[in-house]
Each structure stands twice: as structure tokens, then as C-alpha cells.
Amino acid sequence: METRSANQVNEIRATFQFCTSNATSTSSILAFAGVLATVGNKLILIDSYDIIAEATTKGITLDTKEVRSVMEFFAYKCLNAVIAFASPAPANKTLIALVKYSKTQLREAKKEDIAAICETIRKAAHDNSGCLSNGITVSDITDLASAISLYNTASSNPRQAIIEKSYAKEQIKVLTKEIQQDLFKNQMDTMVNTLIGSNDAFVEKYYKVRKIVNLGISHTKFKGTVTKTDKTPIPVAILKIMATGKQEIDYTIEADVNGVFPNTYIKPTDYDMQIECPGYITQNEIKIHFTAGKALKRSYILIPTPPPIPTPPTE
């Protein structure tokens, strides 16, 4: 991801994580949770596009379950808006029947059918502009289109055209702008401001997190991979980073389905690093220096844990 986009996405992710961890502070604002959920789903789209943008010539592997979850999220928003639009008398029963799915029906739809169902919902929302006054925006419809495209790519659907790296990079910028301008500035910031006077500590911390830091200059960019001895990726391996000599974990990074650790910006100092995964021997590195404005790359190869030595039978 380009440095400018990475800086913005880091701020978005930090804000999302802060608000998620402090959900009780905004529980009285009924609309806040829904907006925050939209931010989280857009972040998944950004991360998926980033995998494509950074992919090698060997191809990509996206998290199908995660992308499907996003696709269902935006499809459900859109179908409810379409139903609300079509319901006033005389009701358009044909249009309603076309998109009438519950969350359970979407979740339980067969993997070979769900993309087509969501495309039908997307088209209905796109073709009936009046539904935009019923709780969705144009970006919800385009996000659904993005999720469908990414799901087809993740599912290796042969009918899906390959998503070009240049398009993926552009979509990251579009999604980042949507979050910054619409969801943060126009909605979340306004809602957080209603807590001034009643929860000033939360408001102050919220706006500190919302500050974009030029990570490319002030931090070390860490990236890495983790594989077996035969170069097969190891997903969900965990990398823990702790200031040298300290027990407290400063950063926890999880490898994706490709065995790739997402680009992470680390405050410069000396760190001890530990990588672990069930079924593999834990590896440690001691006193690794992270330099501001530089990149640090690691390629880990994990060794399977030896089977336990059988206990000899007692006579």
C-alpha cells in the first residue's frame, strides 16, 4: 500500500479499534454502532484490495468467509432499503419478492448461489434510485459491488474477470475517502461531539486517535511471511513484538491465509519478537532494532512440533 494510503488506513483502523474497545461510551448513541460496523466492513474491503495490489505473480488468496460476510452485510442493507421503497401502496410485490431475504437465508445460501443473490439485490438497489432515501447511500451499493467482485475472486469463479492491481489501488483510495469524509467527519465525529460535557475523556482520546501520523517517516514499516519448510503458507500464525527485556506485548500481528503479515508500522526502538502457531515450534528473536523511516522484513520458516515420545508400557 502506498505510504499516504497506509497512513490514512492506519488512522481508520486505530479509530475503529478504539471505538470497538470503548463501545460502552457510545452505547447511548443508537446510530453509532451501525456506522462503526460499516467502517469495519469497508476496512475488510480495503485489506482485500491491498492483498491484490501487493500480490506477486503467483496469484492471490483472499479470505472467502470474511469477504462473504461483508457481501452479506451490504446486501442486507440494500435489500431492506429496496423493500421499504417498494412497500407503500400500491406495493410493488414483484420487486419485494426479488430481494426478500432474511439474514439467515443469506448466511445459509449455498456458496455457488450467494454471489448471484447479492448481485440481484445490488441491481435492484441500483435501478431504483428512490430506495436511497431509505437508509442506504450510493457507496453502500458500490461497496456491495466490490464485495461481490472480491468474493468471486476469492472463490475462483471462472466467470469473474481478474481484478487489476491498478484498480485495487484506486479502490483503496476511494474506500479510504468514503470513510474519512462520510463516516468519520460527517457522522461519527458529529455523534461523538454530543458526548462533550458528559464524557470528555472519551472525546479527547477519540480525537487523538483520529490524528493522522506520517508513519512512513516516524515509524518502521514491518512486513513478513511465514511458511512451512516446503514454502507452503502458514495462516493464522501470531507474531508478538515486545520492547526488549519487557514482558508486555506492544504489537500482535496475525498472518493472513497467504501466510503474509499485513504491513504494520512500528514505533522505532529495540524489540524482542516471538512467532508461534499451534503445531509448530515457537521461534524467538532478541533485540531487533526498528529504525524510523526504514522497512524491516522477515521470512519465517516454522518447524512442526515433534510428536510426543510414547510412554513405555509398564510391566
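Higher on the page you've got the structure.
Residues numbered from 1 in each chain as written. Predicted model: local features only at pLDDT ≥ 70, side-chain atom pairs only at ≥ 80, totals over all residues. Heavy atoms only, no water.

In this section: the sheet that holds strand S7 (residues 295-301). Taken together, the 3 strands give an open sheet; going across it, the order is S4-S1-S7, and neighbouring strands pair in mixed fashion. The sheet terminates laterally at strand S4 (260-266) and S7, the two strands that pair on one side only. Averaged over all adjacent pairs, the angle separating strand axes in this sheet is 15°, with direction ignored. (Pairing = 2+ DSSP bridges. Helix = DSSP H or I, 4+ residues; strand = E, 2+ residues; numbered from the N terminus. Axes fitted to C-alpha atoms, helices over the stretch in contact; angles between N-to-C directions.)

Quick reminder: α-helices carry 3.6 residues per turn. Residues three or four places apart thus point the same way. Look at helix H7 (residues 138-154): 24 Å from first C-alpha to last across 17 residues, which is about the 24 Å you get at 1.5 Å a residue. Where burial is concerned, most of H7 is hidden: 13 out of the 17 residues are buried. The first or second residue beyond H7 is Ser-156, which carries a positive phi of 55°. (Expected span 1.5 Å × (residues − 1). Buried < 20%, exposed > 50% of the residue type's maximum accessible area, 1.4 Å probe, protein only.)

Two orientations exist for strands paired in a sheet by backbone hydrogen bonds: parallel and antiparallel. Spatial ordering of the open sheet is given by S3-S2-S5-S6, a layout of 4 strands whose pairing is antiparallel. The open sheet has two free edges, formed respectively by strand S3 (251-254) and strand S6 (283-289), since each of these has just one partner strand. With strand direction ignored, the average angle separating the axes of adjacent strands in the sheet is 20°. Taken together, the 4 bridges between strand S2 (residues 238-243) and S3 define a ladder with antiparallel strand orientation.

On to the state of the cysteines, then. In total, this model carries 0 disulfides according to the counting rule given. A disulfide-free cysteine, Cys-118 has its sulfur positioned 9.4 Å from the sulfur of Cys-78, the nearest such atom. (Disulfide = S-S within 2.5 Å.)

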